[in-house]
Amino acid sequence: MAPWTIVSLHAERMHAWKDESWEMSGKHAEGHSCRHHVNLVSLLPRHRRAHTEGLAYLVAGTHTMDAIAKDDVLSRCKIIAEPWDCGGLYLVGKFPNWDRWAEWNGRYRDDIRKFIKGDCSMKGSFATRVSGSADLYQANKRKPYHSINFIIAHDGFTLYDLVSYNYKHNNANGEGGNDGCNDNYSWNCGFEGETNDVNVLSLRLRQMKNFHLALMISQGTPMMLMGDEYGHTRYGNNNSYGHDTSINHFQWKLKDVTWHEDNWDNHESKFLAFTLHDDQFGGDIYVAFNAHDYSVKVTVPSPPQNKQWHRVIDSNLESPKDFIPEGILFTNPCYNVAPYSSILLEAKP
């Protein structure tokens, strides 16, 4: 197929996906997704091809990226590249971008992992990554937000496994442990895999917090993996795509929700409160949002046994009283939620 035909086909197909996305945008309540992932790596040149064929694919590849970046419809979308493949292609910071394409920043992932786990000679690289990776993206009109910062992605270790395993454990994949990446830059904090050692578990939790803090304060666009917020584990399997089992299933039971609402059909209601239950440790979280232009006095549910509510957030208060991480003891049975504000209470001993 001629290169320009390839470009045209990709553009037409992506226009169709864009139209479908807009059509489905009002159907989120039914569980529809409005995101599309398109594999364009086949359009990039490979050195092992014949010279003339390589030139043809170079034209097709770069012009496809150019056409997407400048297209009247697609240019208004968020376009993000995963600028590498399993064959060795690696274009982090060098992906054809026309100041529009953002990139998964693999250098960010590797350098943050190395520094947080304590590797030597990484301080300078860590500073470069958290300050926007200027060595990669300070060119032309590119901005720090063109760097998609991430520590964990859909493949590889989860965040919990990153601090729990030094080595991949992929025997369940049926390939003799030969699949999956060997360079994970992980540290098990003193013990390989599952353990009841409170010192090891405490250090792992601290390291997970360190990683998340680094990600949140870094200049750029942060990306997280669903499940890392509760410590999902694949038990050291870093290539688990072929498993339709609990290692890949989001553990919804760990996120039980009680909705404090019995009138969902009231279209005039702009107040919603709910409790996120921590069935393991009893650290429930009560949240309320008030979008009315008047205050709402709400009855706060009883905290778990041997716990008391502590106010962590009240967006109506002036800073720094609006957010107090350790919380302030709250013992009243009711809370007066101010207009256009939200609160968060945490159950603590």
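Scroll up for the structure.
Residues numbered from 1 in each chain as written. Predicted model: local features only at pLDDT ≥ 70, side-chain atom pairs only at ≥ 80, totals over all residues. Heavy atoms only, no water.

### A word on the packing of helix 3 (residues 106-116) against helix 4 (residues 123-130)
Packing of helix 3 against helix 4 brings their axes to within 9 Å, and their N-to-C directions diverge by 135°. Compared by their axis directions, helix 3 and helix 4 come out oblique. Judged by the sense of rotation from one axis to the other, the crossing of helix 3 with helix 4 is left-handed. When helix 3 is examined against helix 4, the residues R107, Y108, D111, I112, F115 and I116 are found in contact with a partner set consisting of K123, S125, F126, R129 and V130. (Axes fitted to C-alpha atoms, helices over the stretch in contact; angles between N-to-C directions. Helix = DSSP H or I, 4+ residues; strand = E, 2+ residues; numbered from the N terminus. Parallel < 35°, antiparallel > 145°, perpendicular 65-115°, else oblique. Left-handed = near helix turned anticlockwise from the far one by under 90°. Contact = heavy atoms within 4.5 Å.)

### Some remarks on a nonpolar patch on the surface
On the surface, L213, M216, I217 and M224 cluster together to form a nonpolar patch covering roughly 400 Å² of accessible area. Locating M224 in the fold gives a position in the loop between strand 4 (221-223) and strand 5 (257-259). (Patch = residues over 30% accessible without salt bridge, like charges linked within 9 Å, V, L, I, M, F, W, Y side chains within 5 Å. Areas by Shrake-Rupley, 256 points an atom, 1.4 Å probe, with all protein chains shown as cover. Salt bridge = Lys/Arg side-chain N within 4 Å of Asp/Glu carboxyl O.)

### Some thoughts on unusual backbone geometry
Here the bond from S319 into P320 is cis, since omega is 10°, no more than 30 degrees from zero. Structurally, P320 can be placed in the loop between strand 9 (308-314) and strand 10 (323-329). One non-glycine residue, N140, adopts positive backbone phi at about 55°. Judged by its relative accessible area of 75%, N140 is exposed. (Buried < 20%, exposed > 50% of the residue type's maximum accessible area, 1.4 Å probe, protein only.)

### A word on the sheet that holds strand 2 (residues 102-104)
Spatially, 1-2-3-4 is the arrangement adopted by the four strands of the open sheet, whose pairing is parallel. Bordering the open sheet on either side are strand 1 (80-81) and strand 4, each of which pairs with just one other strand. In this sheet, strand 4 lies alongside strand 3 (residues 147-150) in parallel orientation, the contact comprising three bridges. Bridge assignment links F150 to a residue of strand 4, and that residue is M223. (Pairing = 2+ DSSP bridges.)

### Observations regarding the nonpolar core
Core analysis: the largest hydrophobic core is formed by 20 residues, its most contacted members being I112, F126, I151, I152, L159, L162 and F211. Looking at this core, the elements with two or more residues in it are helix 3, helix 4, helix 6 (159-162) and helix 7 (198-217). A total of five residues in this core trace back to one element, the largest contributor, which is helix 7. With residues near it in sequence (within four places) discarded, I152 still touches R113, F157, T158, L159, L162, M223, L225 and D228. Counting residues in each nonpolar core, the second largest holds 14 residues, with V300, W309, F330 and A347 among its members. (Core = buried A, V, L, I, M, F, W, Y, C linked by side-chain atoms within 4.5 Å.)

### Here we look at the pairing of strand 3
Side chains S147 and N149 project from strand 3 onto one buried face, and the interleaved I148 and F150 project onto a second face that is buried too. Of the pairings in the sheet, the one linking strand 2 to strand 3 comprises two bridges and is parallel in character. Opposite W104, over in strand 3, you have I148 as the bridge partner.

### Here we look at the pattern of salt bridges
Evaluated as defined, the whole model comprises six salt bridges. The salt bridge partner of R107 is D135, with a shortest N-O separation of 3.5 Å. In this pair, R107 is assigned in helix 3 and D135 in helix 5 (residues 134-137), connecting sequence segments 28 residues apart. In this structure, D119 and K117 form a salt bridge, with 2.9 Å as the shortest nitrogen-oxygen distance.

### Examining the environment of V200
In this fold, V200 is placed in helix 7. Residue V200 is classed as buried on the basis of its relative accessible area of 8%. A C-alpha to C-alpha distance of 6.0 Å links V200 and C189, two positions eleven residues apart in sequence.

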